[in-house]
2 protein chains.
Amino acid sequence: MATIREVAKEAGVSVATVSRVMNGSGYAHEDTRKVVMAAVEKLNYKPNEVARSLYNRKSKLVGLILPDITNPFFPEMARGVEDYLQQFGYRLIFGNSDEKRDKEIEYIDTFLQNNVVGMIASTSEEANENFDNLEIPVVLLDRTAEKLPAVYSDQKTGGRLAARVLLDRGSTNIVLIRGPVEIKPVYERYTAALEELTQAKVNVQVMDSSLTLQGGQSCVRQLFEQYPNTDGIIACNDIVAAAALQEILKRGIRIPEDIQLIGYDDIAFTALLHPPLSTIRQPAYEMGAQAAEMLIRKINQEKIAETHKKLPVSFVERQTTRRKVEKP
Amino acid sequence: MATIREVAKEAGVSVATVSRVMNGSGYAHEDTRKVVMAAVEKLNYKPNEVARSLYNRKSKLVGLILPDITNPFFPEMARGVEDYLQQFGYRLIFGNSDEKRDKEIEYIDTFLQNNVVGMIASTSEEANENFDNLEIPVVLLDRTAEKLPAVYSDQKTGGRLAARVLLDRGSTNIVLIRGPVEIKPVYERYTAALEELTQAKVNVQVMDSSLTLQGGQSCVRQLFEQYPNTDGIIACNDIVAAAALQEILKRGIRIPEDIQLIGYDDIAFTALLHPPLSTIRQPAYEMGAQAAEMLIRKINQEKIAETHKKLPVSFVERQTTRRKVEKP
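Residues numbered from 1 in each chain as written. Chains lettered and ligands numbered in written order. Predicted model: local features only at pLDDT ≥ 70, side-chain atom pairs only at ≥ 80, totals over all residues. Heavy atoms only, no water.

*Asks:* How do you make sense of the interface of chain A and chain B when you look at a structure like this?
*Replies:* For an interface, size is often stated in terms of accessible area lost upon the parts coming together. Facing the 54 residues of chain A at the interface are 55 residues of chain B. Between chain A and chain B, the buried area comes to about 5,000 Å², and carbon and sulfur atoms account for 56% of it. D102 of chain A is the salt-bridge partner of R5 of chain B, the closest N and O atoms lying 3.3 Å from each other. If you look at where chain A meets chain B, you find 20 residue pairs in polar contact (both at pLDDT 80 or more). At the level of secondary structure, the elements contributing two or more residues to the side of chain A that touches chain B comprise α2 (15-23), α5 (73-87), β2 (91-96), α6 (101-113), α9 (213-226) and α10 (238-250) of chain A. It is α6 of chain A that contributes the most residues to the side of chain A that touches chain B, nine residues altogether. The residue makeup of the side of chain A that touches chain B, split by class, is 25 nonpolar, 13 polar and 16 charged. For β2 of chain A and strand β2 (residues 91-96) of chain B, the ladder comprises three bridges, and the chain directions are antiparallel. Bridge pairing in β2 of chain B places F94 of chain A opposite L92 of chain B. (Contact = heavy atoms within 4.5 Å. Buried area = accessible area lost by both parts, 1.4 Å probe. Salt bridge = Lys/Arg side-chain N within 4 Å of Asp/Glu carboxyl O. Polar contact = N/O pair within 3.5 Å; in protein donor to acceptor, adjacent residues only side chain to side chain. Helix = DSSP H or I, 4+ residues; strand = E, 2+ residues; numbered from the N terminus. Nonpolar A, V, L, I, M, F, W, Y, C, P; charged D, E, K, R; others polar. Pairing = 2+ DSSP bridges.)

*Asks:* Honestly, the sheet that holds strand β6 (residues 173-178) of chain A in this entry has me stumped. Any pointers?
*Replies:* All names here are of chain A. The mixed open sheet is built from six strands, whose spatial order is β7-β6-β8-β9-β10-β12. This sheet does not close on itself; its edge strands, each paired only once, are β7 (203-208) and β12 (314-316). Going across the sheet, the axis of each strand differs from the next one's by a mean of 25 degrees, ignoring polarity. When β6 meets strand β8 (residues 232-234), the two strands line up parallel, connected through three bridges. What sits directly across from I174, in β8, is G232. Docked against the sheet, α9 engages β6, β7 and β8, running at close to 145 degrees with respect to β7. (Axes fitted to C-alpha atoms, helices over the stretch in contact; angles between N-to-C directions.)

*Asks:* I would appreciate a short explanation of the nonpolar core in the present structure.
*Replies:* Proteins that are soluble and globular tend to have nonpolar side chains buried together. If you look at the biggest cluster of nonpolar residues, it comprises 116 residues, and the most contacted ones within it are I177, I233 and L261 of chain A together with I177, I233 and L261 of chain B. Every residue in contact with I177 of chain A, bar those within four places of it in the chain, is listed here: M207, S209, C219, V220, L223, I233, I234, A235, C236 and V240 of chain A. (Core = buried A, V, L, I, M, F, W, Y, C linked by side-chain atoms within 4.5 Å. Buried < 20%, exposed > 50% of the residue type's maximum accessible area, 1.4 Å probe, protein only.)

*Asks:* Looking at this structure, I do not really get helix α3 (residues 30-43) of chain B. What am I missing?
*Replies:* Think of an α-helix as 3.6 residues a turn; residues three or four steps apart then line up on the same face. Residues and elements named next belong to chain B. Here α3 spans 20 Å end to end across 14 residues, near enough to the 20 Å set by a 1.5 Å rise per residue. Looking at α3, one finds that the buried residues are V36, A39 and V40. In a view along the axis of α3, the buried residues occupy a sector of 100 degrees, so they form one face of it. Turned more than 90 degrees away from the buried face of α3 sit D31, K34, E41 and K42, all of them exposed. Just past α3, the residue N44 takes up positive phi, approximately 55 degrees. (Expected span 1.5 Å × (residues − 1). Arc of directions from axis to C-beta.)

*Asks:* How should I be thinking about the confidence of the model for chain A in this particular structure?
*Replies:* The predicted coordinates of low-pLDDT regions are not to be read in fine detail. For chain A, per-residue confidence averages 88 on the pLDDT scale, and 91% of positions sit at 70 or higher. Counting contacts from residues 49-57 of chain A, a segment whose pLDDT is below 50, to residues more than four positions away or on other chains yields 16 contacts. (pLDDT = per-residue confidence, 0-100.)

*Asks:* Is there a simple way to think about the relation of the copies chain A and chain B in this case?
*Replies:* Applying a rotation about an axis and a shift along it to one chain copy brings it onto the other copy. Superposing chain A onto chain B requires a rotation of 178 degrees together with a translation of 0.1 Å along the rotation axis, leaving an RMSD of 0.5 Å. What the rotation and shift describe, once combined, is the action of a two-fold rotation axis. Within chain A, the C-alpha atom positioned nearest to the axis of rotation is that of I93 of chain A, 2.1 Å from it. Looking at chain A, 98% of its interface residues are interface residues in chain B too, so the copies touch through the same face. (Least-squares fit on C-alpha atoms with pLDDT ≥ 70 in both.)

*Asks:* Any chance you could explain the packing of helix α1 (residues 4-11) of chain B against α3 of chain B here in plain terms?
*Replies:* Two quantities define a packed helix pair, namely the angle between the helix axes and the distance between the axes. Residues and elements named next belong to chain B. Running from N to C, α1 and α3 cross one another at 125 degrees; their axes reach a closest spacing of 9 Å. Judged by the inter-axis angle, α1 sits oblique to α3. Every pair of crossing elements has a handedness; the one defined by α1 and α3 is right-handed. Two secondary-structure elements touch here, α1 through E6, V7, E10 and A11 and α3 through V35, V36, A39, V40, K42 and L43. (Parallel < 35°, antiparallel > 145°, perpendicular 65-115°, else oblique. Left-handed = near helix turned anticlockwise from the far one by under 90°.)

*Asks:* Would you mind showing me how to read the sheet that holds strand β4 (residues 138-141) of chain B here?
*Replies:* Each strand in a sheet pairs with its neighbour through backbone hydrogen bonds, running either in the same direction (parallel) or in the opposite one (antiparallel). If you walk across this open sheet you meet the twelve strands as β11(A)-β5(A)-β4(A)-β3(A)-β1(A)-β2(A)-β2(B)-β1(B)-β3(B)-β4(B)-β5(B)-β11(B), and the pairing is mixed. Two strands in the sheet have a free side with no partner beyond their single neighbour: β11 (308-311) of chain A together with β11 (308-311) of chain B. Ignoring which end each strand starts from, the neighbouring axes of this sheet average 20 degrees apart. For strand β5 (residues 150-153) of chain A and β11 of chain A, the ladder comprises four bridges, and the chain directions are parallel. Across the sheet, S153 of chain A pairs through a bridge with L311 of chain A, a residue of β11 of chain A.

*Asks:* Help me out: how do you make sense of unusual backbone geometry in this one?
*Replies:* As a rule of thumb, non-glycine residues mostly have phi less than zero, and peptide bonds are mostly trans rather than cis. For the peptide bond that leads from I255 of chain A to P256 of chain A, omega is 10 degrees, which places it in the cis range. Looking at the element boundaries, P256 of chain A is found in the loop between α10 and β9 (260-265). Positive phi is not limited to glycine here, since D98 of chain B has a value of about 50 degrees. Along the chain, the position of D98 of chain B falls in the loop between β2 and α6 (101-113). We note that D265 of chain B has phi near 120 degrees; this positive angle belongs to a residue other than glycine. Examined against the element boundaries, D265 of chain B turns out to sit in strand β9 (residues 260-265). Classification of D265 of chain B as buried rests on a relative accessible area of 6%.

Here it is in structure tokens:
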């Protein structure tokens, strides 16, 4: 069977033009239309019916709300969403909420005005009510709520794992850097790590940081002044871990010999640090893709077996943690 | 005067609901509508007329095509676009082209189907004809073409500057890492650097790399095998520079004493490397914001004094280059 590309070649026009003519969506001169239709007839081109029926729906737009794409964790997730949706002809309208309720409301509102057929949102916890009573499907991403389907990763295991790694490798004066408590996944990994550390009866200090570079840098400067004997740091994310690594090297502390450090997320640049950062990996791209899959199922009113999908995390062993030592 | 928020509070509904009722854009039950209109009357609420006339236009959507938001240079630029557009009530439909012509065509096509009022694109060079004969304004971003308005940065000065920095600080065996030649801004900075180096009569070698982490890593591994006496590296972007930095440290070469290294872009994480990376800064956020401003002017059919806007670049001196030495 002929493809749209062959039709375009035969007619001497672009694929986009053939597509516009076939879908009657304007922007093609009558002459062009005739040439395209002649090529369609000659090659006996039949557009895929399923694709066509999807294509001809009123809107193929999906709204996506993320906190901030300048944090490299979120572009990975966004690409997962986009690449999956693209296969089915959906497009994204996109907004950064900066975890602000007002910005979320504004985006939801204009998404609706543009007739999106569904939304995917990494929404701030308190704002979930914004999604109540919408007549279109919503899937939460990297966040959870009782009433809404969600794709997220296993923060509890992640937090425990980070703590376990430092404990098993001999750290006994550990600083746990806690991110903003109002961001649920960040809070969950923190509480799980704290629980694991507390049970182990080592010295534990908690310090607060934002998730940004500036926040991390100011946190870790204080850290070494307040707790100079620290021999292990669990950071709330990779950006803060990178800030800690820089401070450690600046102070001439040996890593991982004198201090161990573990991040969270496994964003791309952690592998490029020197030494490369040990971290807990969240499958960001996969999370985005699975949220997109779930949303399309909802849009097509298919049954969804699992509305709360928790993806596994894993320890990525690089060089800011020591080799595991067996206890005597 | 009452605000939309006060109306929402009075009516006991969300701001989004008030907005929908005021704009007659559906999704509100008749009962809700009555409650809202009663609150509007009671508080004598009058929506801002300018905002309303903008709001009620058929579409407030702008299409944005970027090569790949997992390269941290582009999210900065995208936020510049988004933050500027948001002030005027515009929203983004977004797509990654991966520098592929077919993906660009697909995105342009669906942008048009969704009635975007304008487009901003970091398009691949050969694909510019895709934008010919569109009936809506297009602004190029980080790319240029004769026929289209554009916002970009001064690649020639950037390339020359990078070369000048290494020369002035005493490197004499320099490897220039060239990115993909088909990406015009990357090619321009390369040719400008090469010209500057050639005039200086130092030893210059050229190596090729993609703009990705994997590409950078494989390039720099070869680099030191082929040219072990290298005492200066000019990288095609910061990601490749970070890969070079890691290789330099792994080999125990002292930086900046034995080798100098300079990146390009000044993406956020370069400041977090150890030692922090010297680089040429492109004002990514500002470029995005100015492209958005230019597009809105075009949409409003205002006169634009300067349709090709070249923003300045600058040398960010950190610790992978030496202090400048005065020549004897």
